[in-house]
Amino acid sequence: MSDVTPEPEGSESSDDELKRKFREALERKKLAQADAGAGGKGKNSSKIHGAHGPAAAKRSFRRKSGG
């Protein structure tokens, strides 16, 4: 008898390998997204600018005429 154990043939080993590949790809994707979101320049490093705050022009309100 040898010390080497044969790997199970069939779909079990390929399923494990496929799952491992998917996990590695998911980890790479998460790291890439974390790097992209965290690496900003200046104090306003968000991708969304001007979501809140004063409007571009001052609003004027007029009374309705007529009755």
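What you see is a predicted model; the values in this text were computed from it and never measured.

**Examining the overall build of the chain**
1) Next: Helix and strand counts for the chain come out as one helix and zero strands.
2) Next: Each of the 67 residues in the chain was classed as buried or not, and the buried ones make up 0%.
3) Next: Of the accessible surface of the chain, which amounts to about 7500 Å², a share of 52% is contributed by carbon and sulfur atoms.

**Some details on the pattern of salt bridges**
1) Next: Across all of its chains, the model carries two salt bridges by this definition.
2) Next: Two residues, E17 and K21, come together in a salt bridge whose shortest N-O distance is 3.5 Å. In this pair, E17 and K21 are both assigned in helix α1 (residues 11-38), four residues apart and thus about one turn of the helix distant.
3) Next: Salt-bridge contacts for E24 lead to R20; the nearest nitrogen and oxygen are separated by 3.0 Å. Pair noted here: E24 and R20 are both in helix α1, with a separation of four residues, about one helical turn.

Quick notes on the rules
Residues numbered from 1 in each chain as written. Predicted model: local features only at pLDDT ≥ 70, side-chain atom pairs only at ≥ 80, totals over all residues. Heavy atoms only, no water. Helix = DSSP H or I, 4+ residues; strand = E, 2+ residues; numbered from the N terminus. Buried < 20%, exposed > 50% of the residue type's maximum accessible area, 1.4 Å probe, protein only. Areas by Shrake-Rupley, 256 points an atom, 1.4 Å probe, with all protein chains shown as cover. Salt bridge = Lys/Arg side-chain N within 4 Å of Asp/Glu carboxyl O.

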